[in-house]
Amino acid sequence: MFPRGREIILGISASISAYKSADLLRRLQDEGFLVTVVPTKSSLNFVGAATWEALSKRKVRTDLWQDVSEAAHTDLARDVSAIVVAPTTADLLAKLAAGICDDLLTNVIMAADCPKVLVPSMHPQMWQNLATVSNVKTLRERGFIVIDPDYGRMTGADIGIGRYPESAKIISTLNSTLERSADLIGKKILVSAGGTIEPIDPVRFIGNRSSGKQGFALAYAAAMRGADVHLVVAGELPDIEKKKLEGITISAISTAAEMAAVMRAEAPFSDAIFMSAAVADAKPAKSMGKKIKKDELRNIELNQNEDILQTLNQLRRDNGNTGQQIVGFAAETFDNDVDLAKSHQQDLINAGRKKLNQKGVDFIYVNDVSGGKVFGSDMTAGVLVCNDGEILEVNQTTKLQLSNLLLDKVSARFQPNQA
Ligand code: CTP
């Protein structure tokens, strides 16, 4: 099975061998990569944007000054697993070595914090030119992976080192670069996200505040590491997440009962479950087919919803699946007094321990949401309480980083024969 969600950027610079990247793109897709092509403007003299759009099935941007409000360079650079630039010209090597960013591709490369694989392709004399030799050395010292070109016939009659290598060689370099991060291949990860809603009548509902961002980040991080991910989302998946989560199985539900049904059905096949959804604790005893009058609201009778985490814990016991790891999340509130910050930390730990035991989960991540903190933010801070007694304090970090930390913790417990 292919690791899903391995988003990469394929940069194209202006070498006659740019046409060979059409094959590379297809082979990358065959390998399960999701590819966005960023060609330089000059490279379009060799292969046009229409070819890249048709093959990648994605919008192709070349201009830094187009759609400026979307900040294309940082938007494209964010959350990609790798950038491959094939072919890379001598000119582009020089720019990267000097830190020059004067077009979209150089800006994207500069802004990205991920492995970068360069595939130089040029005439042998340009490859052996001392300026190029020095630039390649500098780039390698800075962590760029530069694949040596192949030996052979050039476009003209010349023979030498400078040919664009076989797609297979580029992909195998990319795969070995990413191998470390794809440690969850063959694992099934089930994630719930968002806030369930319980209809009172056609216009009103009981709901919980939750942007879903932690769950989306978990799904994305697990997919980036090669897992087979099933994301159960309460509500609508925002457009920005849809692109990132392409290739992940997604079930869209609305109520706690619907979420419970999908989680119950999927749990037996999952190596780890992350219950990051905010589940409404109660639902109206009966939902009204037509809008009720406001003075009747106080008479609404509520029933408690099923505790999905407890059900999941029970299920794994029934199935004897003791290796399955279950992670819960808790949002707690405290008085907003700065002087109490220290004791809040202890309160968080205590709250976490209590819920960990109540729900029978392996880990619980507790955060302080007093005053609306965390909701909707890309950042989080809290405490991870583990059922072996370990307590891990998480200082302000991104939800994606927290996701990777949780995946590290969970995967360290997978049985060797599960690996
Ligand atoms: N949860 C669940 N089913 C529910 C309620 C909560 O599976 N009906 C899960 C949440 O997804 C979360 C964890 O339980 O992972 C803790 O949620 P929280 O709302 O903090 O716990 P509650 O049990 O509802 O406790 P409280 O009384 O503090 O609201």
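Residues numbered from 1 in each chain as written. Predicted model: local features only at pLDDT ≥ 70, side-chain atom pairs only at ≥ 80, totals over all residues. Heavy atoms only, no water.

## Focus on the packing of aromatic side chains
(1) Moving on: Taken as a whole and assessed by the stated rule, the structure comprises one aromatic pair.
(2) Moving on: Here the aromatic rings of F329 and Y365 are separated by 6.3 Å at their centres, their planes lie at 65°, and the arrangement is edge-to-face. With F329 in strand 16 (residues 325–332) and Y365 in strand 17 (residues 363–368), this residue pair connects regions lying 36 residues apart in the sequence.
(3) Moving on: A cation over a ring is seen here: K187 above F414, with NZ or CZ 5.2 Å from the ring centre. (Phe/Tyr/Trp six-rings, centres within 6.5 Å; stacked < 30°, edge-to-face > 60°. Helix = DSSP H or I, 4+ residues; strand = E, 2+ residues; numbered from the N terminus. Lys NZ or Arg CZ within 6 Å of the ring centre and 35° of its normal.)

## Some points on the site of the ligand
(1) Moving on: Residues in close proximity to the ligand total 13 residues, the closest being M275, A277, F329, K355 and K359.
(2) Moving on: A distance of 2.8 Å separates a nitrogen atom of the ligand from a polar backbone atom of E306.
(3) Moving on: One of the backbone nitrogen or oxygen atoms of F329 is found 2.9 Å away from an oxygen atom of the ligand.
(4) Moving on: In isolation the ligand has 570 Å² of accessible area, and contact with the protein removes 76% of it.
(5) Moving on: When contributions to the shell around the ligand are tallied by element, the ones reaching two or more residues are helix 12 (308–318), strand 16 and helix 13 (341–359).
(6) Moving on: It is strand 16 that provides the largest number of residues to the shell around the ligand, a total of three residues.
(7) Moving on: In the shell around the ligand, the residues fall into seven nonpolar, one polar and five charged. (Near = heavy atom within 4 Å. Polar contact = N/O pair within 3.5 Å; in protein donor to acceptor, adjacent residues only side chain to side chain. Areas by Shrake-Rupley, 256 points an atom, 1.4 Å probe, with all protein chains shown as cover. Nonpolar A, V, L, I, M, F, W, Y, C, P; charged D, E, K, R; others polar.)

## Here we look at helix 8 (residues 167–178)
Helical periodicity: at 3.6 residues per turn, an α-helix aligns residues three or four positions apart in one direction.
(1) Moving on: Compared with the 16 Å implied by 1.5 Å per residue over 12 residues, the 16 Å span of helix 8 between its first and last C-alpha is a close match.
(2) Moving on: S167, I170, I171, T173, L174 and L178 are the residues of helix 8 that are buried. Seen along its axis, helix 8 keeps its buried residues to an arc of 160°; they face one direction.
(3) Moving on: Residues of helix 8 that are buried in the fold lie against strand 1 (6–12), helix 1 (20–30), strand 2 (33–39), strand 3 (82–88), strand 4 (116–120) and strand 5 (145–146). (Expected span 1.5 Å × (residues − 1). Buried < 20%, exposed > 50% of the residue type's maximum accessible area, 1.4 Å probe, protein only. Arc of directions from axis to C-beta. Contact = heavy atoms within 4.5 Å.)

## Examining the packing of helix 4 (residues 90–98) against helix 5 (residues 104–111)
(1) Moving on: It is at 11 Å that the axes of helix 4 and helix 5 come closest, and there the two elements cross at 45°. By the angle between their directions, the pair helix 4 and helix 5 is classed as oblique. Between helix 4 and helix 5 lies a crossing of right-handed hand. The residues of helix 5 that touch helix 4, namely those facing L92, K95 and L96, are L105, T106 and I109.
(2) Moving on: For the contact of helix 4 with helix 5, the per-class residue count stands at four nonpolar, one polar and one charged. (Axes fitted to C-alpha atoms, helices over the stretch in contact; angles between N-to-C directions. Parallel < 35°, antiparallel > 145°, perpendicular 65-115°, else oblique. Left-handed = near helix turned anticlockwise from the far one by under 90°.)

## Notes on the domain arrangement of the protein chain
(1) Moving on: Domain parsing of the protein chain yields domain 1 (7–178) and domain 2 (188–413).
(2) Moving on: Computed from C-alpha coordinates alone, the two centres of domain 1 and domain 2 are separated by 40 Å.
(3) Moving on: Carbon and sulfur atoms make up 45% of the surface buried where domain 1 meets domain 2, a total of about 580 Å² over both sides.
(4) Moving on: When residues of domain 1 are sorted by the area they lose upon contact with domain 2, E7, L34 and D79 head the list and together hold 64% of the total.
(5) Moving on: Summed over the shared surface of domain 1 and domain 2, the number is zero salt bridges.
(6) Moving on: Taken together, the links from domain 1 to domain 2 amount to zero residue pairs in polar contact (both at pLDDT 80 or more).
(7) Moving on: Here the residues of the side of domain 1 that touches domain 2 are counted per class, giving two nonpolar, one polar and three charged. (Domains from an automatic or database assignment. Buried area = accessible area lost by both parts, 1.4 Å probe. Salt bridge = Lys/Arg side-chain N within 4 Å of Asp/Glu carboxyl O.)

## Side note on the sheet that holds strand 4
(1) Moving on: Read from one edge to the other, the open sheet built from five strands follows the order 2-1-3-4-5, with strand pairing classed as parallel. Every interior strand has two partners, whereas the edge strands, strand 2 and strand 5, have only one.
(2) Moving on: One ladder, built from two bridges, connects strand 4 with strand 5; its direction is parallel. Note on strand 5: the bridge partner recorded for V117 is I145.
(3) Moving on: Set on the sheet, helix 5 makes contact with strand 1, strand 2, strand 3 and strand 4; between it and strand 3 the angle comes to about 140°. (Pairing = 2+ DSSP bridges.)

## Here we look at the sheet that holds strand 17
(1) Moving on: With mixed pairing, the eight strands of this open sheet are ordered in space as 12-11-8-13-16-17-18-19. Each edge of the sheet is formed by a strand with only one pairing partner; in this case those strands are strand 12 (249–253) and strand 19 (391–398). Ignoring which end each strand starts from, the neighbouring axes of this sheet average 15° apart.
(2) Moving on: Of the strands in this sheet, strand 8 (188–194), strand 11 (228–234), strand 12 and strand 13 (272–275) are in contact with helix 11 (residues 256–266), which crosses strand 11 at around 165°.

## Section: the pattern of salt bridges
(1) Moving on: Counted by the stated rule, this structure contains 21 salt bridges.
(2) Moving on: Here K41 ties to D63 by a salt bridge, and the two come within 3.7 Å at their closest N and O atoms. One end of the pair, K41, is in the loop between strand 2 and helix 2 (49–56); the other, D63, is in the loop between helix 2 and helix 3 (72–77), with 22 residues separating them in the sequence.
(3) Moving on: Residue K41 is classed as exposed on the basis of its relative accessible area, which comes to 51%.

## Notes on the pairing of strand 2
For a regular strand, the rule is simple: side chains alternate between the two faces of the sheet.
(1) Moving on: Among the seven residues in strand 2, seven count as buried, and that is most of the element.
(2) Moving on: Judged from the seven bridges that link them, strand 1 and strand 2 form a sheet pairing that is parallel. Bridging across to strand 2, I12 finds its partner in P39.
(3) Moving on: Taken together, strand 1, helix 1 and strand 2 form a β-α-β motif whose crossover is right-handed. (Right-handed = clockwise from strand over helix to strand, strands pointing away.)

## As for the nonpolar core
(1) Moving on: With 33 residues, the main nonpolar core has I189, V229, L231, L245 and F274 as its most contacted residues.
(2) Moving on: Contributing elements (two or more residues each) for this core: strand 8, helix 9 (213–224), strand 11, strand 13, strand 17, strand 18 (379–386), strand 19 and helix 14 (399–411).
(3) Moving on: For this core, the element with the most residues is helix 9, which contributes eight residues.
(4) Moving on: V262, I273, L315 and I349 belong to the second largest nonpolar core, which has 29 residues in total. (Core = buried A, V, L, I, M, F, W, Y, C linked by side-chain atoms within 4.5 Å.)

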